[in-house]
Amino acid sequence: MHLNSKKVIFVSFAVIFAVSVFFLSSQYLNTKAEMPSLWISIDETELNKVLSEATDLHLDIVTVEKGIAILRADDWQMQRLSSYMHDHFHKCSGFVAHQTKEDAIESINQLFAADLNQVVVDYSINNSQNVIPLLAETQEPAIRQTIIDLSAFPNRRYNQPSGLQSANFIKNTWTAMTQGRSDISVEFFTHPNTTSPQPSIILTIQGTEIPSEEIVLGAHQDSIVSGSQTANAPGADDDASGIACLTEAIRVIVEKNFRPKRTVKFMAYAAEEVGLRGSAAIALDYRNRNVNVIGVMQLDMTNFKGTPALDIVLITDRTNAAQNQFITNLITTYQPALNVGNSTCGYGCSDHASWTTRNYAASFPFEATFNNSNSAIHTVNDKISISNNNADHALKFAKLALSYIGELAKGEILTSSAPSKARADFDGDGKTDISVFRPDSGVWYLNRSTGGFLALNWGVATDKLVPADYNGDGKTDFAIFRANNNSDFPDFYILYSNDYTYTGFSWGVEGDLPLVSDYDGDGKADIAVFRPSTNTFYVLNSSDGSFLAQTLGQPGDKPIIGDFDGDGKADLSFIRNHNEWIIYKSSVNYSTPETFDFGLSGDIPVPADFDGNGKDNIAVFRPSNGTWYYLRNDNSISFVQFGANADIPATGDYDGDGISDYAIYRPSSGVWYIWRSSNSSFQIENFGLSIDKPIPFAYQP
């Protein structure tokens, strides 16, 4: 099932790709032109070995720092040097590119000054309840498909059109996968044209509790063939396999709704094969901004099992010893059947070196010992067929990446749903129940989709209904708001559906409007009111008993309830002057508001998740023409005529498919009309009297 959904992403992506590829290709139409020469640093001994045999390569060492030679090379010379470094030392590039000689000297000095034994964090392993489900979700076919898709580009070379197209492909794939997660963003890290026309790509998952601490997982996106800039370079193992592992980790995190406590960044580096250019620029930028990166993992070549006795090999030179031990412990804890080994790779062998140079703790788990790595890389034969047309070996690294995230970033899998889903679900079957409140008798009449008919007295005519799941058992509870100014008497009266016990809360004064919803994301409704006299929200969090008092907006604003960013927490929102929606999102701590012009005077606000992406849509029901309007994620407007003047909108998830259905209650006849989103069928049911109030409508103040 997951594989089919992944295929849908890639099929639909063709349309996205055709539209978005112009972003880069129009900017770099001259990428086939010769790139300017750069300074490079390379192990002096290795360079002398190459120069002693390479009659076509003429390079002059300018200076040597700590055994690392510094010299100038043009693009053709770097291409030839990369070929020789691969042939002699099994390295991707084996050198590092720099803009100036001074940059090269500084980089070398920083690399040798880096503390490879620093312990920057507590490397505890205690989050198995969340890590194990993540690992169980991984799928070899999904990794294999990503490798195949990336290998289908003619090449992914940093200065070729197909290298720009493949960058768009990765960015758009990651963007499509993370739709519905407001805590995730995907962006290009654009390099100067002299560094790399191909941009790097960074996906960020904002941490929930310690966002200032970041962990980075990277792989390089470019591929080359020795001796040619334009020849076919599938690069299946080097390094489509690493990108595929990152992509699978992203898919699983979204699929399982995992929310890390620390910020997690996935990076697809540009131009690794010609001197680690993309990662070097990013690591330098992070150090200049003093970004608190507590750990880096590099995945470069993960799908060729070159050492039969070993599954994962940790590169031990120019990597952090403490984090290497942590990664070894992760493997023995979560993949105990695997055998772990050690190896070395020398100077400038992959992008982890860029982070080590800037004194960040970096590790490089590899597919084999370095001397046993895939000999087909940098050739036209670096195809998935070298790995028997499967991604079984890479799957181990995808699981390692997820365990690294789960234990270093910590965090949890959220199971609570958005507050708009299955409102008025009194029997807990995930479906909204047809239900009404009869004011003259204070009776709730329920036609439960699973539990059947129930009539229960709770409240009086002047009470305001506040049905919600207050104890987190998945069932809507009976609740009313009866505001008073005496703190000795409750304002909220709650009758629990599971055992019919009741409780009361004194929270509010006369004139307050009840705004019950889940503001802290614990799956339980929180007691909350809005005080129009001061424009203040007062929220009592069920998770820990803390409270929020937030003054926002201006006099006359009408509060509304909705989770518009899809983080499982209700936002603080208003409607101003009938059509201006002002939303303070919980995912950014109610900081800068977003505003939307949507609706007309006389419209009834009906925010709900009409497209099933986990976010409430800005939406209205227009009684004058019986039409529903809602704003989609792409800012287009969907509308459907379903209802008539004097009908009461009663949207809810009546079929349990996770999407809000159009529904109206017609008081004149006591008839419900429901348009089920799951199959576009209609349900018509007579249940109620003209004086009754449809309970699903009570979810807005």
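Residues numbered from 1 in each chain as written. Predicted model: local features only at pLDDT ≥ 70, side-chain atom pairs only at ≥ 80, totals over all residues. Heavy atoms only, no water.

### Describing the side chain of arginine 259
Link 1 in the chain: With respect to the secondary-structure elements, arginine 259 resides in strand E8 (residues 258–259).
Link 2 in the chain: Accessibility expressed as a relative area gives 7% for arginine 259, which makes it buried.
Link 3 in the chain: Of the polar contacts made by the side chain of arginine 259, one reaches the side chain of asparagine 257; its length is 2.8 Å. (Helix = DSSP H or I, 4+ residues; strand = E, 2+ residues; numbered from the N terminus. Buried < 20%, exposed > 50% of the residue type's maximum accessible area, 1.4 Å probe, protein only. Polar contact = N/O pair within 3.5 Å; in protein donor to acceptor, adjacent residues only side chain to side chain.)

### What about the sheet that holds strand E39 (residues 693–694)?
Link 1 in the chain: Strand order in this open sheet of four strands is E18-E17-E16-E39, and the pairing throughout is antiparallel. Among the strands making up the open sheet, the edge pair consists of strand E18 (452–457) and E39. (Pairing = 2+ DSSP bridges.)

### Looking at the pattern of salt bridges
Link 1 in the chain: Summed over the entire model, instances satisfying the criterion amount to 21 salt bridges.
Link 2 in the chain: When the shortest N-O distance is used, the salt bridge between arginine 251 and glutamate 137 registers 4.0 Å. Of the two residues, arginine 251 sits in helix H9 (residues 236–255) while glutamate 137 sits in helix H6 (residues 128–137), which places them 114 residues apart along the sequence. One exposure class covers both arginine 251 and glutamate 137, and it is buried.
Link 3 in the chain: Residue glutamate 140 pairs with arginine 144 through a salt bridge whose shortest N-O separation is 2.6 Å. Taken as a pair, glutamate 140 and arginine 144 lie in helix H7 (residues 140–151) at a separation of four residues, close to a single helical turn.
Link 4 in the chain: By relative accessible area, which is 28% here, arginine 144 ends up partly exposed.
Link 5 in the chain: The structure contains a network of salt bridges with shared partners spanning Glu137, Glu248 and Arg251. (Salt bridge = Lys/Arg side-chain N within 4 Å of Asp/Glu carboxyl O.)

### Overview of unusual backbone geometry
Keep in mind that most residues, glycine aside, have a negative phi and that most peptide bonds are trans.
Link 1 in the chain: Here aspartate 238 and aspartate 239 are connected by a cis peptide whose omega angle stands at 0°.
Link 2 in the chain: Mapped onto the elements, aspartate 239 comes out in helix H9.

### Let's talk about the packing of helix H8 (residues 161–177) against H9
Link 1 in the chain: Direction vectors running N to C along H8 and H9 enclose 15°, while the axes themselves pass 10 Å from each other. In terms of their interaxial angle, H8 and H9 are classed as roughly parallel. In this structure, H8 meets H9 at a crossing whose hand is right-handed. In contact with Ile170, Trp174 and Met177 of H8, H9 contributes Ile243, Leu246, Thr247, Ile250, Arg251 and Val254.
Link 2 in the chain: Per-class residue counts for the contact of H8 with H9 are seven nonpolar, one polar and one charged. (Axes fitted to C-alpha atoms, helices over the stretch in contact; angles between N-to-C directions. Parallel < 35°, antiparallel > 145°, perpendicular 65-115°, else oblique. Left-handed = near helix turned anticlockwise from the far one by under 90°. Contact = heavy atoms within 4.5 Å. Nonpolar A, V, L, I, M, F, W, Y, C, P; charged D, E, K, R; others polar.)

### Notes on the environment of proline 260
Link 1 in the chain: With respect to the helices and strands, the residue proline 260 is situated in the loop between E8 and strand E9 (262–269).
Link 2 in the chain: Every residue in contact with proline 260, bar those within four places of it in the chain, is listed here: Ile205, Gln206, Gly207, Thr208, Ala409, Lys410 and Gly411.

### Observations regarding the packing of aromatic side chains
Link 1 in the chain: Throughout the structure, instances matching the rule amount to 31 aromatic pairs.
Link 2 in the chain: Both rings, one in tryptophan 507 and one in phenylalanine 547, keep their centres 6.3 Å apart while their planes meet at 65°; by these two values the pair is edge-to-face. Taken as a pair, tryptophan 507 in the loop between strand E22 (502–505) and strand E23 (513–514) and phenylalanine 547 in strand E26 (residues 547–551) lie far apart in primary sequence, 40 residues in all.
Link 3 in the chain: Judged by relative accessible area, which is 58%, phenylalanine 547 ranks as exposed.
Link 4 in the chain: With centroids separated by 6.5 Å and ring planes inclined at 80°, the aromatic side chains of phenylalanine 564 and tryptophan 581 adopt a geometry described as edge-to-face. Of this pair, phenylalanine 564 sits in the loop between strand E27 (558–560) and strand E28 (572–576) while tryptophan 581 sits in strand E29 (residues 580–584), and the two are 17 residues apart along the sequence.
Link 5 in the chain: Residue phenylalanine 564 is classed as buried on the basis of its relative accessible area, which comes to 7%.
Link 6 in the chain: Just above the ring of tyrosine 286 sits the side chain of arginine 289; from NZ or CZ to the centre is 5.0 Å.
Link 7 in the chain: Lying over the aromatic face of tyrosine 493, arginine 482 brings its terminal NZ or CZ to 5.1 Å of the ring centre. (Phe/Tyr/Trp six-rings, centres within 6.5 Å; stacked < 30°, edge-to-face > 60°. Lys NZ or Arg CZ within 6 Å of the ring centre and 35° of its normal.)

### Points about the pairing of strand E2 (residues 61–65)
Link 1 in the chain: Pairing between E2 and strand E3 (residues 68–73): four bridges, direction antiparallel. The partner of isoleucine 61 across the bridge, within E3, is leucine 71.
Link 2 in the chain: Here E2 folds back onto E3, and the loop between the two strands holds two residues, one of which, lysine 66, carries a positive phi near 55°.

### Considering the confidence of the model for the protein chain
Link 1 in the chain: For the protein chain, the mean per-residue pLDDT works out to 90, and 94% of the residues sit at or above 70.
Link 2 in the chain: Low pLDDT, under 50, characterises residues 1–34; the predicted model gives this stretch 51 contacts beyond four residues in sequence or across chains.
Link 3 in the chain: Within the model, the stretch residues 416–420 combines pLDDT values under 50 with 10 contacts to residues more than four positions away or in other chains. (pLDDT = per-residue confidence, 0-100.)

### As for the sheet that holds strand E19 (residues 464–465)
Link 1 in the chain: Within the open sheet, the four strands sit side by side as E19-E20-E21-E22. Their pairing is antiparallel. Two strands close off the open sheet at either side, each with one partner strand: E19 and E22.
Link 2 in the chain: In this sheet, strand E20 (residues 478–481) lies alongside E19 in antiparallel orientation, the contact comprising two bridges. Residue lysine 464 lies in a different strand from E20, and its bridge partner there is phenylalanine 481.

### Re the nonpolar core
Link 1 in the chain: One finds Trp174, Ile215, Leu217, Phe266, Tyr404 and Ile405 to be the most contacted residues of the largest nonpolar core, which totals 64 residues.
Link 2 in the chain: The contact partners of tryptophan 174, leaving out residues within four places of it in the chain, are Val186, Ile201, Leu203, Leu246, Thr247, Ile250, Phe266, Met267 and Ala268.
Link 3 in the chain: Counting 17 residues, the second-largest nonpolar core is a separate cluster that includes Ile42, Leu47, Val50 and Leu59. (Core = buried A, V, L, I, M, F, W, Y, C linked by side-chain atoms within 4.5 Å.)

### So, the state of the cysteines
Link 1 in the chain: A full pass over the atoms with the stated rule returns one disulfide.
Link 2 in the chain: There is a disulfide in this structure between cysteine 345 and cysteine 349, and the S-S distance comes to 1.9 Å. Handedness here is read from the sign of the S-S torsion; for cysteine 345 and cysteine 349, about -40°, the answer is left-handed.
Link 3 in the chain: Judged by its relative accessible area of 3%, cysteine 349 is buried. (Disulfide = S-S within 2.5 Å.)

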